[in-house]
Amino acid sequence: MSSEMLPAFIETSDVERKNNLNENQEESQKPSSGEGFKSISKRQMKKLMKQKQWEEQRELRKQRRKEKRKRKKLERQCQLESNSDGNDRKRIRRDVVQSTLRLIIDCSFDDLMVLKDIKKLHKQIQRCYAENRRALHPVQFYLTSHGGQLKKNMDENDKGWVNWKDIHIKPEHYSELIKKEDLIYLTSDSPNILKELDESKAYVIGGLVDHNHHKGLTYKQASDYGIEHAQLPLGNFVKMNSRKVLAVNHVFEIILEYLEARDWQEAFFTILPQRKGAVPTEKACESSSHDKKSPNVEGGLDSDSSEEEYSRNELDSVHEEEKQDEENNTESTVNSVPH
């Protein structure tokens, strides 16, 4: 190397060495890959990963639920087709005898319930509707004073209610729709014990889920309106170990069962859930039970019962039956009854 080129080479080497030092300093100032996550624990990291995975699979889960509903619908259709090409269904529908009895769920207590109880009442009403559609002696079903939180909840969670058949859903109070002399309010505080059902009458069930916060309210309302009132003869036939209260759908179903069996005891023991520990009154007396207190049969109070949670699948099956009936050109099971 010539003496002329030596200073230039030395100068170039110094520049490169300075650049390398600067780069090393910058690298040392950068946080390591692990240092950036020191504030997040492994458990938190796992949660974040699971959350991300859950979000990514949202559409997949939605698709699976859709396929499951389609599969169940297909299974129901196959079962219907296997019933002798629908002959059995036609025979069953012809055996239905419409009752002239009017059964009303009074929804005028909307402002006395929180949203949680409104949702429970909605579930009970769904069950009443489905059971009435399947009954051998369906009643004239009324929902009165329909509005407020209940209507809003039904609009948001069950838009299909607007297509319900064989039911009179009215915003008016029942006293505006039915003659006073035809009304009988079913309330546990009434001193009158119902012995039998008069199918020319309209029976009112209080649509109230209140956990006993408003005792005597329905009895007071019936008295204020000057209409008849009575309680189901539960105490004459049944002794229960649990709370002596019935949900709206229990009262509704007991009446449907009585119209078919014409036997109160059979109706009670067919409908009452096993968890209530119901036994005939004579057996209760034999076991030295002397509690003579009149049981509460006011609608809507048994809000803790799992019976209230009527499954969407069962309600859907009712709609499927309705569609099948239309395809078979069968007549509707409900005739309008004049007020």
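Residues numbered from 1 in each chain as written. Predicted model: local features only at pLDDT ≥ 70, side-chain atom pairs only at ≥ 80, totals over all residues. Heavy atoms only, no water.

A. Structural detail: the overall build of the chain. Within the chain, the regular secondary structure consists of 13 helices and eight strands. Within the span of the chain, comprising 339 residues, buried residues form 40% of the whole. Accessible surface computed for the chain: about 20300 Å², of which carbon and sulfur atoms make up 48%. (Helix = DSSP H or I, 4+ residues; strand = E, 2+ residues; numbered from the N terminus. Buried < 20%, exposed > 50% of the residue type's maximum accessible area, 1.4 Å probe, protein only. Areas by Shrake-Rupley, 256 points an atom, 1.4 Å probe, with all protein chains shown as cover.)

B. Layout of the packing of aromatic side chains. Taken as a whole and assessed by the stated rule, the structure comprises seven aromatic pairs. Measuring from centroid to centroid gives 4.4 Å for Y129 and W164, while their planes differ by 10°, and the two rings are stacked. Residue Y129 is located in helix α5 (residues 115-134), and its partner W164 is located in the loop between α6 (148-157) and β3 (167-169); the two are separated by 35 residues in the primary sequence. Comparing Y129 with W164 shows no difference in burial state: the two are buried. Arranged with centres 4.1 Å apart and planes meeting at 20°, the rings of Y258 and W264 form a pair that is stacked. Judged by its relative accessible area of 7%, Y258 is buried. Among the aromatic residues, those joined into a ring-pair cluster are F237, Y258, W264 and F268. (Phe/Tyr/Trp six-rings, centres within 6.5 Å; stacked < 30°, edge-to-face > 60°.)

C. Up close: the packing of α5 against helix α10 (residues 248-261). Here α5 crosses α10 at 15°, and the two axes come no closer than 8 Å. With respect to α10, the element α5 is oriented roughly parallel. When the axes of α5 and α10 are compared, the crossing they make is right-handed. Only V248, N249, F252, E253 and L256 of α10 make contact with α5, whose side of the interface consists of L121, Q124, R127, C128, E131 and N132. Here the residues of the contact of α5 with α10 are counted per class, giving five nonpolar, three polar and three charged. (Axes fitted to C-alpha atoms, helices over the stretch in contact; angles between N-to-C directions. Parallel < 35°, antiparallel > 145°, perpendicular 65-115°, else oblique. Left-handed = near helix turned anticlockwise from the far one by under 90°. Contact = heavy atoms within 4.5 Å. Nonpolar A, V, L, I, M, F, W, Y, C, P; charged D, E, K, R; others polar.)

D. Focus on the pattern of salt bridges. One pass over the full model with this rule turns up six salt bridges. Here R127 ties to E253 by a salt bridge, and the two come within 3.0 Å at their closest N and O atoms. In this pair, R127 is assigned in helix α5 and E253 in helix α10, connecting sequence segments 126 residues apart. Two residues, D224 and K220, come together in a salt bridge whose shortest N-O distance is 3.0 Å. Taken as a pair, D224 and K220 lie in helix α8 (residues 217-225) at a separation of four residues, close to a single helical turn. (Salt bridge = Lys/Arg side-chain N within 4 Å of Asp/Glu carboxyl O.)

E. Up close: helix α11 (residues 264-271). Inspection of α11 places W264, A267, F268 and I271 among the buried residues, and these make up the whole buried set. Summarising the axial view, the buried residues of α11 lie within an arc of 95°, below the 170-degree limit, and thus occupy one face. Contact partners of the buried residues in α11: α9 (234-237), β7 (238-239) and α10. (Arc of directions from axis to C-beta.)

F. Representation of the environment of K116 in the model. Looking at the secondary structure, you find K116 in helix α5. For the pair K116 and V209, spaced 93 residues apart in the sequence, the C-alpha separation amounts to 9.4 Å.

G. The UniProt feature "active site" (unreviewed entry) in the chain, seen in detail. UniProt records the feature "active site" (unreviewed entry) for D210 in the present numbering. Mapped onto the elements of the fold, D210 is located in the loop between β5 (202-206) and α8. (UniProt positions renumbered as here; feature names shortened; annotations may be inferred.)

H. Spatial organisation of the pairing of strand β4 (residues 183-186). Side chains of β4 alternate between two faces, with L183 and Y185 and I184 and L186 buried alike. Examined bridge by bridge, β4 and β5 share four bridges and lie parallel to one another. When the bridges of β5 are listed, Y185 appears paired with V204. Strand direction decides the pairing type here: β4 and strand β6 (residues 228-230), joined by three bridges, are parallel. The partner of L186 across the bridge, within β6, is A230. (Pairing = 2+ DSSP bridges.)

I. Expanded view of α5. Between its terminal C-alpha atoms α5 stretches 29 Å, which fits the 28 Å expected from 20 residues at 1.5 Å a residue. Across the 20 residues that make up α5, a large majority, 14, are buried. (Expected span 1.5 Å × (residues − 1).)

J. Region of interest: the sheet that holds β3. Overall, parallel pairing links the six strands, which are arranged β3-β2-β1-β5-β4-β6 in an open sheet. The open sheet has two free edges, formed respectively by β3 and β6, since each of these has just one partner strand. Each strand of the sheet is rotated relative to its neighbour by a mean of 25°, with strand direction disregarded. Two strands pair when backbone bridges link them, and strand β1 (residues 102-106) and β5 are joined in this way by five bridges, in the parallel orientation. Across the sheet, R102 pairs through a bridge with A202, a residue of β5. Against the sheet, α5 engages β1, β2 (140-144) and β3, with an angle of about 160° to β2.

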